[in-house]
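Here are the chains, one letter per residue:
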Amino acid sequence: MSGQPGFVSPFHRPRCLAAAAPASNAKFTHPGKAIMAGGIAGGIEICITFPTEYVKTQLQLDEKANPPKYKGIGDCVKQTVDGHGVRGLYRGLSSLVYGSIPKAAVRFGVFEFLSNKMRDESGKLDSKRGFLCGLGAGVAEAVLVVCPMETVKVKFIHDQTSANPKYKGFFHGVREIIRTEGLRGTYQGLTATVLKQGSNQAIRFYVMTSLRNWYKGDDPNKAINPLITGSFGAFAGAASVFGNTPLDVIKTRMQGLEAHKYKSTMDCAVKIMKHEGPKAFYKGTVPRLGRVCMDVAIVFIIYEEVVKVLNKVWKTD
């Protein structure tokens, strides 16, 4: 009977199931694990890299019209340490610590959720889909966490460098901002932030996905050494810096204490170009480059290692 046309022997069916097996063997990261691992990675990373973030923000707020207070990166560090000690480089850290944990948690949680839906049957995520997943993750973190966090951070750092600081601490600063400006005061520069974070994560995850696929070849479950993950992350971070530093400058201006000078994101861009020239859009690039490369490398290394631990103690299959 097995030779009759159209008849399929039941003994042949396991072969069909075996052919589909690679899809079920692909390792997907549960969004819950991604949220937890992302939060841990974000908290550790910001404590390591904050001084470079502080210097970058100071240089971007140091407009030429003032005239400038700092001559460069070294002078900014020197003046800060001379005036406030080494601890001065960590002013405003609390606002970022409180925000970095949920920011990274949302970013990786949304990315893994979207990527799990967009992988092919072998579990592979191509670079184009990685770009889209990164874009979605960036927009989500911008709206839910980054915009209010960055607005408070910039206002706090700007206030602490003024002649008479009015914020006694992070929570006091948040209360004062909401009391005087309403909740809207913590959402200044939302458009610029969404554009910046969306493009940021789209570029980073596009590069990371491309490099991971190149390294893994035909085996989506091939392990990657943490040092290689870090080097991929640093490269992805550098690509994002050169790709969207102008948006970062505009966002910082829109969230500073002098944000009232600008009617909109476009107005801010036009005024910077008119009064300071195109070079102003790349102020703080060097300190940002150093911070972001270190930031992305550290975050991806810690994230991947924490996920490995969670996979052993938290079974989600």
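Look above for the structure.
Here we summarise the structure given alongside this text. These numbers come from a predicted model, not from an experiment.

### Some points on the overall build of the protein chain
- Across its full length, the protein chain carries 10 helices and zero strands.
- Going from the N terminus to the C terminus, the protein chain shows its helices and strands as α-α-α-α-α-α-α-α-α-α.
- Once local pairs closer than 6 in sequence are excluded, the contacts in the protein chain between residues at least 24 apart make up 77%.
- If you sum the accessible surface of the protein chain, you get close to 16,100 Å²; carbon and sulfur atoms cover 63% of it.

### Concerning empty space enclosed by the protein
- Per the counting criterion, the structure on display carries four cavities of 30 Å³ or more.
- The space that makes up the largest cavity amounts to roughly 190 Å³.
- Residue lining of the largest cavity: 20 residues in total, with Lys103, Glu150, Lys196, Arg291 and Asp295 positioned closest to the centre.
- For the lining of the largest cavity, the elements supplying multiple residues, two or more each, are helix H2 (31-61), helix H4 (93-118), helix H5 (127-160), helix H7 (190-216) and helix H10 (285-313).
- With five residues, H7 is the single largest residue contributor to the lining of the largest cavity.

### Some words on the side chain of His172
- Among the structural elements, His172 can be located in helix H6 (residues 170-181).
- Excluding residues within four positions of it along the chain, His172 makes contact with Lys166 and Tyr167.

### Observations concerning the pattern of salt bridges
- Applying the stated criterion across every chain yields a total of nine salt bridges.
- For the salt bridge of Glu276 with Arg253, the shortest nitrogen-to-oxygen distance reads 3.0 Å. Of this pair, Glu276 sits in helix H9 (residues 265-276) while Arg253 is found in helix H8 (residues 226-255), placing the two residues 23 residues apart along the sequence. In terms of burial, Glu276 and Arg253 fall into one category: buried.
- Asp267 serves as the salt-bridge partner of Lys271, at 3.4 Å between the closest nitrogen and oxygen. With Lys271 and Asp267 both in helix H9 and four residues apart, this pair spans about one turn of that helix.

### Brief notes about the packing of H5 against H8
- Direction vectors running N to C along H5 and H8 enclose 70°, while the axes themselves pass 8 Å from each other. When the axes of H5 and H8 are compared, the pair comes out roughly perpendicular. Where H5 crosses over H8, the handedness of that crossing is right-handed. Every residue of H8 that contacts H5 at Cys147, Glu150, Thr151, Val154 and Lys155 is listed here: Lys251, Thr252 and Gln255.
- Split into classes, the residues belonging to the contact of H5 with H8 amount to two nonpolar, three polar and three charged.

### Some remarks on the layout of surface pockets
- What the largest pocket holds in volume is close to 1,100 Å³.
- Listed by contribution, the elements that provide at least two residues to the lining of the largest pocket are H2, H4, H7 and H10.
- The dominant element in the lining of the largest pocket, judged by the number of residues it contributes, is H10, at seven residues.

### Concerning the environment of Lys196
- Along the chain, the position of Lys196 falls in helix H7.
- On the basis of relative accessible area, Lys196 is assigned to the buried category, the value being 5%.
- Considering only alpha carbons, one finds Lys196 and Ile250, 54 residues apart in sequence, at a separation of 9.4 Å.
- Beyond its immediate chain neighbours, meaning those up to four positions away, Lys196 contacts Asn244, Leu247, Asp248, Lys251 and Arg288.

### A word on the packing of aromatic side chains
- For the coordinates displayed, the defined rule picks out nine aromatic pairs.
- Arranged with centres 6.0 Å apart and planes meeting at 80°, the rings of Phe108 and Phe205 form a pair that is edge-to-face. Of this pair, Phe108 sits in helix H4 while Phe205 sits in helix H7, and the two are 97 residues apart along the sequence. Each member of the pair, Phe108 together with Phe205, is buried.
- Ring centres of Phe131 and Tyr206 lie 6.2 Å apart, and the angle between their planes is 85°; on these two criteria the pair is classed as edge-to-face. With Phe131 in helix H5 and Tyr206 in helix H7, this pair connects stretches of sequence that are 75 residues apart.
- Under the relative-accessibility criterion, Phe131 is labelled partly exposed at 36%.
- For Tyr206, a relative accessible area of 37% corresponds to the partly exposed category.
- Through successive ring pairs, a cluster of aromatic residues spans Phe108, Phe111, Phe205, Phe300 and Tyr303.
- Across the ring face of Phe28, the terminal group of Arg119 is positioned such that the distance to the ring centre comes to 5.6 Å.
- The ring centre of Tyr215 lies 4.6 Å from the NZ or CZ of Lys222, which sits over that ring.

Calculation rules
- Residues numbered from 1 in each chain as written.
- Predicted model: local features only at pLDDT ≥ 70, side-chain atom pairs only at ≥ 80, totals over all residues.
- Heavy atoms only, no water.
- Helix = DSSP H or I, 4+ residues; strand = E, 2+ residues; numbered from the N terminus.
- Contact = heavy atoms within 4.5 Å.
- Areas by Shrake-Rupley, 256 points an atom, 1.4 Å probe, with all protein chains shown as cover.
- 1 Å grid on protein atoms, 1.4 Å probe; cavity = no way out; pocket = protein on both sides within 12 Å on 5 of 7 lines; lining within 4 Å.
- Points joined across faces, edges and corners; volume = space filled by probe spheres on them.
- Salt bridge = Lys/Arg side-chain N within 4 Å of Asp/Glu carboxyl O.
- Buried < 20%, exposed > 50% of the residue type's maximum accessible area, 1.4 Å probe, protein only.
- Axes fitted to C-alpha atoms, helices over the stretch in contact; angles between N-to-C directions.
- Parallel < 35°, antiparallel > 145°, perpendicular 65-115°, else oblique.
- Left-handed = near helix turned anticlockwise from the far one by under 90°.
- Nonpolar A, V, L, I, M, F, W, Y, C, P; charged D, E, K, R; others polar.
- Phe/Tyr/Trp six-rings, centres within 6.5 Å; stacked < 30°, edge-to-face > 60°.
- Lys NZ or Arg CZ within 6 Å of the ring centre and 35° of its normal.

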